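Spelled out from the first residue to the last, the chains are:
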Amino acid sequence: LSKPIVGLSESAKKVAKGNYKESFNSDSNISEIQELTTTLNYAKDELSKTNELRTELLANVSHDLKTPLTMIKAYSEMVRDITYKDDKKREENLNIIIEEVDRLNLLVSDILDLSVMQANIYELKEENFNLVALTKTIINRYEIFSLTEEYKFIFETNNDEIMINADKQKIQQVLYNLISNAINYTGNDKTVKIKIIDDKTKCRVEIIDSGKGIKDEDINLIWDKYYKSDKKHKRNMLGTSLGRSIVKDIFELHNYTFGVN
């Protein structure tokens, strides 16, 4: 009775030290020990996935931090040494520094938001507001991408006034994150479609891009804070790799149904 348990215990100690190649094996014919062996192997596999994804997240976040810091340093030195007498060039350099600081601020804000929500210390500040009007306002703020990058934003709704009761600031954050994600991953047509469908009993919001899509086995992973669809880090145009996990937490706080096709 004790021999297979001792063996499982030894394997568990190796996994605890980070050896995720270790397997739990038992030739016991006792059903409870067989079930324990299966459960431990499942837990080990999940820990291994989480550890790999966490490593990728650290690499991605480090890259996202390092790039703007490098830009800020380079353009600051340029202003100090080269362009300080040229008003136009100096202003251009300073604007780039400000934009990179904003990018850093966005990353830090996402990390803080995620920490607060996953610590279950955030309370919703619910109010009544028009979801269609809010969505139109947000889409208008992306007009710069239409002018400079030729992106196309298509908005469709069957009702111009859909009043909901929710945390307006958080729903706004959801829309920003999902639209930004669609911009980053849409296809060569650079088209993002936003649809709001009101059937009187519930409201459905769809954010659609024309990108290559996601593998079926990865569909359930995309809301994980450690997940990134492209393992080779590619700098996003805007937003951070934490955005989808923040969206998930906000939806769950509201008890909303959400998903991806």
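Scroll up to find the structure.
Since the model is a prediction, treat every value here as computed from it, not as a measurement. (Residues numbered from 1 in each chain as written. Predicted model: local features only at pLDDT ≥ 70, side-chain atom pairs only at ≥ 80, totals over all residues. Heavy atoms only, no water.)

**Q** What should I look at first to understand the nonpolar core in this one?
**A** Soluble globular proteins: nonpolar side chains tend toward being buried together. By size, the foremost hydrophobic cluster in this structure holds 21 residues, and its most contacted members are Phe129, Leu131, Tyr142, Phe153, Ile171, Ile179 and Ile183. Of all the secondary structure elements, the ones that give two or more residues to this core are α4 (131-141), β3 (163-167), α6 (168-185) and β4 (191-198). Formed by seven residues, the second largest nonpolar core is a distinct cluster that contains Ile222, Trp223, Ile246 and Val247. (Core = buried A, V, L, I, M, F, W, Y, C linked by side-chain atoms within 4.5 Å. Buried < 20%, exposed > 50% of the residue type's maximum accessible area, 1.4 Å probe, protein only. Helix = DSSP H or I, 4+ residues; strand = E, 2+ residues; numbered from the N terminus.)

**Q** Whenever I open this one, the side chain of Lys170 confuses me. Can you help?
**A** Structurally, Lys170 is set in helix α6. Classification of Lys170 by relative accessible area gives buried; the value is 6%.

**Q** Sorry, what's going on with the pairing of β4 here?
**A** Regular strands place their side chains on alternate faces of the sheet. The sheet contact formed by strand β2 (residues 152-157) and β4 spans six bridges and is parallel. Within β4, the residue paired with Glu156 across the bridge is Lys195. Inspection of the sheet shows β4 paired to strand β5 (residues 203-209) by seven bridges, in the antiparallel sense. Bridge pairing links Ile194 to Ile207 in β5. (Pairing = 2+ DSSP bridges.)

**Q** What should I look at first to understand the sheet that holds β2 in this one?
**A** Two orientations exist for strands paired in a sheet by backbone hydrogen bonds: parallel and antiparallel. Taken in spatial order, the three strands make up an open sheet running β2-β4-β5, and their pairing is mixed. The outermost strands of the open sheet, each flanked by one partner alone, are β2 and β5. Across this sheet, the average inter-strand angle for adjacent strands is 10°, counted without regard to direction. Of the strands in this sheet, β2, β4 and β5 touch α4, which is tilted by about 175° from β2. (Axes fitted to C-alpha atoms, helices over the stretch in contact; angles between N-to-C directions. Contact = heavy atoms within 4.5 Å.)

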